[in-house]
Amino acid sequence: MSTRVRVAGVGMHPFGRFDGVSTTDMGARAVSAALREAGVTRGGFQAAFCGTAYGGVATGHKVLSRLGMTGMPIVDVEAGCASGGAALMLAAGAIRAGQYDTVLVFGTEKMPKGIIRSSFFEPWQEEAGLAATPSFFALRAQRLMVNSGVTKEHLAQVVVKNRRHGAANPDAMFHKEIAADEVLGSRVVCEPLHLFMLCSPNEGAAAVVLTGGGGPTGPGRPVTLAAAVLRSHLPGAVLSESTPLSGLTDDTVPSPTTLAATAAFEEAGLGPGDLHVVECQDTDAARELLSYEELGLCPAGGSAALLDSGDTALGGRLPVNPSGGLLSKGEPLGASALGQVVELVRQLRGDCGPRQVDRASVALSHTVGRGANAGVVVLTA
Amino acid sequence: MTVVRTTVREGLFTDGESPRLLGSRCGACGARHFPRHQTCPYCAAEGAEPEELSARGTLWAWTAVTAAPPGYRGETPFGVGVVELPEGIRVISRLSVSDPALLSAGQPMELCVVPLHVDDDGNEVVTYAFAPAAS
């Protein structure tokens, strides 16, 4: 039996736009909050992993230098949208292996404004117009509409739901609810996706203190990290998050999300039917619905019906993105996965006030993006 | 001054009257690749054979980009989509049609070469695209 990994403390810098506040400032605030909650001080953790994609060289070192807490290994981890999930996987694995007792995991990011420019693409792909990230989201959305009976009204309803949830989250970027006709009335970015169906790349930080057997326990109800899994893509799917230039006509290649979810459920000894609350990748509204199917929250082709049932709204059977999701919070790549974990730890402790999910004791978070990288985390109380 | 026509990247396609995409075929698993690879991305076998891909296929997914993305100097809006070729491969491509309402699933498509922009040296930069097939 390997060491049980527990979450001893969590902390956030809100997600949004903060002119004059640096990546280091935001990271330091989130880390300080998490360490304070865990009762961990200088020398109380033996390693640190920092998720960041646009932070630049030694982002993690700069944050911990600011706090006067260096000397231990500090490793920056880049795995696109799943960077924080990758950092969490490395930390949990090291604790289970007995390498460390307590590990600090954090993510911090200031994203450029507008359509994300990614060094992932070659210059000729940008020149040819084949590097517009929302166009890949749109093609994926269109296929979901063909395969699952999803309509533009469904896409709008995902935004309405998540913005309603986000209105109750002080760490979110948008605190205003939105109506379906406003979503459908916003400009078309890439058909079928309108502006308000896409999340905003932005800024923020999140931190989590993980500990094994002998470490601190943190406040309130203890939360266990039951699984932290990262997977990359298998080749074949032309619309994979790995954004290849071609793929096969074989539609049976499992997605990186499905690979990660399957492994995470196995690691946790749980299944989709055991979940009480989920935070999933909603970079665009269709991505949330696709995540329902890829995570096994519904059968293939069943995402529109699951949304229509109301089960995934707060008050429903399995609320998805009670934090408001990326559609309300925005997406700072290195911090977004850990932002989900912070939300779910607070949900499992019962600390979420008006957006609290009733009797939540099993939670799952999911991020997927460029690479491809998919991260799935299972938490239990 | 004569305008020189240049492809956006060497080795992707043949220019001219009947353009073709330059792919490859794995001798071990039979999968087709685009762009051309020496090593098969599906089974890791070495020595894939160069092969020109079919110039005709059917439309599988499509959209239009309405605002210029970073690094792009051409006109907007422009079409982007996925075309399925008879040899069992789906290719991401620019489309000649930028109004999504004019396209439909399964529509026959044909490879063509379209201008992107004139570069700083005065060259006309062209790329591959798929257009609705004439017949």
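Numbering of residues begins from 1 in every chain and follows the order in which that chain's sequence is written. Throughout, the order in which chains and ligands are written sets their labels, letters from A for the former and numbers from 1 for the latter. pLDDT decides what is reported in this predicted model: residues at 70 or higher carry local features, side-chain atom pairs at 80 or more are listed and counted, and totals for whole chains, interfaces and linings draw on all residues regardless.

A.B. asks: Explain the overall build of chain B to me, please; I cannot follow it from the model alone.
C.D. replies: On a plain count of helices and strands, chain B comes out with zero helices and ten strands. Secondary structure elements of chain B occur, N-terminal to C-terminal, as β-β-β-β-β-β-β-β-β-β. In this setup the radius of gyration rests on C-alpha atoms only. A globule is expected at 2.2 Å times the number of residues raised to 0.38. For chain B, the C-alpha radius of gyration of 16 Å lies close to 14 Å, the compact-globule estimate for 135 residues. The burial label depends on the number of other C-beta atoms within 10 Å of a residue's C-beta. Counts of 20 or more mean buried, 12 or fewer mean exposed, and intermediate counts mean partly exposed, with C-beta atoms placed from the backbone. Taken over 135 residues, chain B has a buried fraction of 36%. Each helix corresponds to a stretch of at least 4 residues labelled H or I by DSSP, and each strand to a stretch of at least 2 residues labelled E; elements are numbered beginning at the N terminus.

A.B. asks: Teacher, can you tell me more about the sheet that holds strand β1 (residues 5–16) of chain A here?
C.D. replies: Sheets are built from strands that pair by backbone hydrogen bonding, the pairs being arranged parallel or antiparallel. All names here are of chain A. For two strands to pair, DSSP has to find at least two bridges joining them. Pairing within the open sheet is mixed, and its nine strands lie in the order β3-β2-β4-β7-β1-β8-β12-β11-β10. Among the strands making up the open sheet, the edge pair consists of β3 (74–77) and β10 (277–279). Strand-to-strand twist in this sheet, taken as the mean axis angle between neighbours without regard to direction, amounts to 20°. Pairing analysis gives eight bridges linking β1 to strand β7 (residues 203–211), with the strands arranged antiparallel. Inter-axis angles, ranging from 0 to 180 degrees, are taken between N-to-C directions of lines fitted to C-alpha atoms, where helices are fitted over the stretch in contact.

A.B. asks: I'm lost on helix α2 (residues 59–66) of chain A in this one. Help?
C.D. replies: The periodicity of an α-helix, 3.6 residues per turn, causes residues three or four places apart in sequence to face the same way. Taken as a whole, α2 of chain A has its buried residues at Thr-59, Gly-60, Lys-62, Val-63 and Leu-64 of chain A. Looking at the buried side of α2 of chain A, the elements it contacts are α1 (23–38), β2 (47–51), β3 and β4 (102–110) of chain A. Throughout, a residue-residue contact means that the two C-beta atoms, derived from backbone geometry, are no farther apart than 7 Å.

A.B. asks: Would you mind showing me how to read the nonpolar core here?
C.D. replies: Nonpolar side chains tend to gather and get buried jointly when the protein is soluble and globular. Membership of the largest hydrophobic core comes to 162 residues, with the highest contact counts inside it found for Val-103, Val-105, Ala-207 and Val-208 of chain A. If you tally residues by element for this core, the top one is helix α12 (residues 333–349) of chain A, at nine residues. If we skip the residues at most four places from it in the chain, Val-103 of chain A touches Phe-45, Gln-46, Ala-47, Ala-48, Phe-49, Ala-91, Ala-94, Ile-95 and Leu-210 of chain A. Here, a nonpolar core denotes buried Ala, Val, Leu, Ile, Met, Phe, Trp, Tyr and Cys residues that are linked to one another through C-beta atoms within 7 Å. In this structure, Cys-26, Cys-40, Tyr-42 and Ala-48 of chain B belong to the second largest nonpolar core, which totals five residues.

A.B. asks: Looking at this structure, I do not really get the interface of chain B and chain A. What am I missing?
C.D. replies: Often, the extent of an interface is quoted as the loss of accessible area on bringing the components together. With 34 residues of chain B at the interface, the matching set in chain A holds 29 residues. Of all the elements in the fold, those that place two or more residues in the side of chain B that touches chain A are β6 (56–65), β7 (78–85), β8 (89–95) and β10 (124–132) of chain B. Examining the composition of the side of chain B that touches chain A, we find that five residues originate from one element, β8 of chain B, more than from any other. Each residue is assigned to one class: nonpolar for Ala, Val, Leu, Ile, Met, Phe, Trp, Tyr, Cys and Pro, charged for Asp, Glu, Lys and Arg, and polar for all the others, Gly among them. Tallied by class, residues from the side of chain B that touches chain A come to 22 nonpolar, seven polar and five charged. By the bridge criterion, three bridges tie strand β9 (residues 246–248) of chain A to β8 of chain B in an arrangement that is antiparallel. If you follow Leu-248 of chain A over to β8 of chain B, its bridge partner there is Ile-89 of chain B.

A.B. asks: Before we go on, may I ask you to explain the confidence of the model for chain B in this structure?
C.D. replies: Atomic detail in the predicted coordinates should be set aside for any region of low pLDDT. Values of pLDDT, ranging from 0 to 100, describe the predictor's confidence in every residue of the model. The pLDDT averaged across chain B works out to 95; a share of 99% of its residues lies at or above 70. Here the predicted complex carries an ipTM of 0.96, next to a pTM of 0.96.

A.B. asks: Where do I start with the packing of helix α3 (residues 83–96) of chain A against α12 of chain A in this structure?
C.D. replies: For any two helices packed against each other, the geometry comes down to the angle between their axes and how far apart the axes lie. Residues and elements named next belong to chain A. Closest axis-to-axis distance for the α3/α12 pair is 5 Å, and the angle between their directions is 65°. Across the interface between the two elements, Ser-83, Gly-84, Gly-85 and Leu-88 from α3 touch Leu-333, Gly-334, Ala-335, Ser-336, Ala-337, Leu-338 and Val-341 from α12. Residue classes in the contact of α3 with α12 are distributed as six nonpolar, five polar and no charged.

A.B. asks: Hey, could you run me through the pairing of β2 of chain A in this one?
C.D. replies: Regular strands have side chains that alternate between both faces of the sheet. All names here are of chain A. Of all five residues that make up β2, five are buried, and the element is covered over most of its length. Residues Ala-47, Phe-49 and Gly-51 of β2 are buried on one face, and the alternating residues Ala-48 and Cys-50, pointing to the opposite face, are buried as well. Looking at chain direction, β2 and β4 are connected through five bridges and run parallel. Note on β4: the bridge partner recorded for Phe-49 is Val-105. If you view a crossover with the strands going away from you and the path from the first strand over the helix to the second runs clockwise, you call it right-handed. In this region the chain leaves β2, passes through α2 and returns to the parallel neighbour β3; the handedness of that crossover is right-handed.

A.B. asks: Help me understand the environment of Arg-359 of chain A, please; the structure alone is not making it clear to me.
C.D. replies: Residue and element names in this part refer to chain A. Residue position: Arg-359 is located in the loop between α12 and β11 (362–369). We classify Arg-359 as exposed; it has 9 C-beta atoms within 10 Å. C-alpha of Arg-359 to C-alpha of Arg-164: the two residues are 195 residues apart in sequence and 21 Å apart in space.

A.B. asks: Mind showing me how you'd approach helix α9 (residues 285–294) of chain A here?
C.D. replies: Residues and elements named next belong to chain A. Here α9 lies mainly inside the structure; ten of its ten residues are buried. Where α9 is concerned, the buried positions are Ala-285, Ala-286, Arg-287, Glu-288, Leu-289, Leu-290, Ser-291, Tyr-292, Glu-293 and Glu-294. Here the buried face of α9 lies against α5 (133–148), α6 (152–166), α8 (256–268), α10 (303–308), α11 (325–329) and β11. Downstream of α9 by a residue or two, Gly-296 has a phi angle that is positive, lying close to 80°.

A.B. asks: What exactly am I supposed to notice about unusual backbone geometry here?
C.D. replies: Only a minority of non-glycine residues have a phi that is not negative, and only a minority of peptide bonds are not trans. Of the consecutive residues Glu-191 of chain A and Pro-192 of chain A, the connecting peptide bond is found in the cis state with omega at 5°. With respect to the helices, strands and loops of the structure, Pro-192 of chain A is situated in the loop between β5 (188–190) and β6 (193–194). Residue Pro-35 of chain B is reached from Phe-34 of chain B by a cis peptide bond, and omega for that bond is -10°. The topology assignment puts Pro-35 of chain B in the loop between β4 (32–33) and β5 (49–52). Of note in this structure, Thr-243 of chain A is not a glycine but carries a positive phi near 40°. The exposure class of Thr-243 of chain A is buried, given the 20 C-beta atoms found within 10 Å. Phi at Asn-321 of chain A is positive, roughly 60°, even though this residue is not glycine. Within the secondary structure, Asn-321 of chain A sits in the loop between α10 and α11.

A.B. asks: Help me understand the environment of Ala-372 of chain A in this model?
C.D. replies: Residues and elements named next belong to chain A. Locating Ala-372 in the fold gives a position in the loop between β11 and β12 (373–380). Its 24 C-beta neighbours within 10 Å are what place Ala-372 among the buried residues. Distance in space between the C-alpha atoms of Ala-372 and Glu-241 is 5.0 Å, their sequence separation being 131 residues. With sequence-adjacent residues up to four places away left out, Ala-372 is seen in contact with Ser-232, His-233, Ser-240, Glu-241, Ser-242 and Pro-256.

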